[in-house]
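The primary structure of each chain is shown beneath.
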Amino acid sequence: MQIHASVDALRAALSGCRHRVLVPTMGNLHAGHISLIEQARVHGDTVIASIFVNRLQFAPHEDFDSYPRTFAADCAKLEAAGVDLLFAPTEADLYPEPQEYTVEPPAIQNILDGEFRPGHFRGVATVVLKLFNIVQPQAAVFGKKDYQQLMVIRNMTRQLALPITIIGGETVRADDGLALSSRNGYLSPEERTEAPRLYRELNQIRAAIHAGESDTLKLENAAIFALAAAGWKTDYVAVRQRSDLTPPNGSDRALVVLAASRLGGTRLIDNCEI
Ligand code: PAF
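Residues numbered from 1 in each chain as written. Predicted model: local features only at pLDDT ≥ 70, side-chain atom pairs only at ≥ 80, totals over all residues. Heavy atoms only, no water.

Engineer: What is the right way to read the overall build of the protein chain from this model?
Structural biologist: Of the regular secondary structure elements, the protein chain holds 10 helices and nine strands. For the C-alpha atoms alone, the extent of the protein chain along its principal axes is close to 55 × 40 × 35 Å. Within the span of the protein chain, comprising 274 residues, buried residues form 52% of the whole. Long-range pairs, those at least 24 residues apart, make up 70% of the contacts in the protein chain between residues at least 6 apart in sequence. (Helix = DSSP H or I, 4+ residues; strand = E, 2+ residues; numbered from the N terminus. Buried < 20%, exposed > 50% of the residue type's maximum accessible area, 1.4 Å probe, protein only. Contact = heavy atoms within 4.5 Å.)

Here it is in structure tokens:
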């Protein structure tokens, strides 16, 4: 696996590489990321992973500084997974001057996670477009655990006519149902035991809707209440239409339930398609 930090070196290494598939990450890789790499291998000839903790998508009070950085272990995992090139720029490589031109996503950036993390999706869309411009992939893979992020990137790619196929990778879960996430590492042993409750609540909502319940507000509130009783502080539990993440209108039955909740100091997100 070749490793490049500079944009010029990566571009030189990529010249002549056929059908490129990009898997952007912020590192601290786990089995969820590796499953995205495996999908990338199926979809293309040259698999490029990136590791970059993107300051633009963190608010000043968030965990940018403490975000786990495990570069050597990540390289070993990517190499074993068959990645051809790793792009691992420093901040000076990717943002040699202040990034004043940004991608401003539409209203979707202000709902759900965007309501609680203002500016987050602007930061994500900006770095992803920049990575796309540098790597010029024919396809890119993003995890469905970050459901709203995947939608922002899909919509950006379509509306800006980027010639890139966006592939959504299924969420990988621990045996007890907890979605794998780099932030799970922040959980204490007790919190780790409690953490699967979030997915259990989402599954209960899915089961209730399948059983014919149509009062989604009641289901959302019941989940928020159950989480609060177990010590969680919930930002949202929301049943939404899969097509645009707006509330259900009764006719579109393709739904998804999304949640963000804090257990101690750790904010976990998850979702489940209905
Ligand atoms: O999902 C992530 O890890 C990040 O948001 C991404 C897509 C790599 C952009 O920084």
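Engineer: For this particular structure, what's the right way to read unusual backbone geometry?
Structural biologist: It is generally the case that most residues other than glycine have a negative phi and that most peptide bonds are trans. Of note in this structure, Gln-136 is not a glycine but carries a positive phi near 50°. Among the secondary structure elements, Gln-136 is positioned in the loop between helix 6 (120-135) and strand 5 (139-143). Not every positive phi belongs to a glycine, and Ala-161 is a case in point at roughly 55°.

Engineer: Before we go on, may I ask you to explain the sheet that holds strand 3 (residues 46-51) in this structure?
Structural biologist: Consider a sheet: its strands pair through backbone hydrogen bonds, and that pairing is either parallel or antiparallel. In spatial order, the strands read 1-4-3-2-5-6; together these six strands make up an open sheet with parallel pairing. Taken across any chain shown, the strands that pair with only one partner, and hence form the sheet edges, are strand 1 (2-4) and strand 6 (165-169). Geometrically, the sheet is characterised by an average inter-axis angle of 25° between neighbouring strands, direction not taken into account. As paired elements, strand 1 and strand 4 (residues 85-87) share three bridges and run parallel to each other. By the bridge assignment, His-4 is partnered in strand 4 with Phe-87. Helix 2 (residues 31-43) contacts strand 2 (20-25), strand 3, strand 5 and strand 6 of the sheet and is inclined by roughly 170° relative to strand 2. (Pairing = 2+ DSSP bridges. Axes fitted to C-alpha atoms, helices over the stretch in contact; angles between N-to-C directions.)

Engineer: Teacher, can you tell me more about the layout of surface pockets here?
Structural biologist: Over the atoms, a rolled probe matching the size of one water molecule traces out where space is still vacant. Its volume calculated, the second largest pocket comes out at about 230 Å³. Taken together, 16 residues form the lining of the second largest pocket, with Ile-51, Phe-52, Val-53, Arg-69 and Phe-71 sitting closest to its centre. Partitioned by chemical class, the residues of the lining of the second largest pocket number nine nonpolar, four polar and three charged. (1 Å grid on protein atoms, 1.4 Å probe; cavity = no way out; pocket = protein on both sides within 12 Å on 5 of 7 lines; lining within 4 Å. Points joined across faces, edges and corners; volume = space filled by probe spheres on them. Nonpolar A, V, L, I, M, F, W, Y, C, P; charged D, E, K, R; others polar.)

Engineer: Sorry, what's going on with the pattern of salt bridges here?
Structural biologist: Between side chains of opposite charge, a pair can form when the charged atoms approach closely. Within this structure, the stated rule accounts for 14 salt bridges. Taking the shortest distance from any N to any O, the salt bridge between Arg-267 and Asp-113 comes out at 3.0 Å. With Arg-267 in strand 9 (residues 266-273) and Asp-113 in helix 5 (residues 113-116), the pair connects residues that are 154 residues apart, well separated along the chain. Take Arg-267 and Asp-113: they sit in the same class, and that class is buried. Between Arg-197 and Glu-194 there is a salt bridge, with the nearest N and O atoms lying 2.4 Å from each other. A relative accessible area of 23% places Arg-197 in the partly exposed class. For Glu-194, a relative accessible area of 17% corresponds to the buried category. (Salt bridge = Lys/Arg side-chain N within 4 Å of Asp/Glu carboxyl O.)

Engineer: What is the right way to read empty space enclosed by the protein from this model?
Structural biologist: Under the defined criterion, the tally for this structure stands at one cavity of 30 Å³ or more. The space that makes up the largest cavity amounts to roughly 60 Å³. Residue lining of the largest cavity: Lys-145, Leu-178, Ala-179, Ser-181, Asn-184, Ala-195, Leu-198, Leu-268, Ile-269 and Asp-270, and that is the complete set. A per-element tally of the lining of the largest cavity places strand 9 first, with three residues. Looking at side-chain class alone, the lining of the largest cavity contains six nonpolar, two polar and two charged residues.

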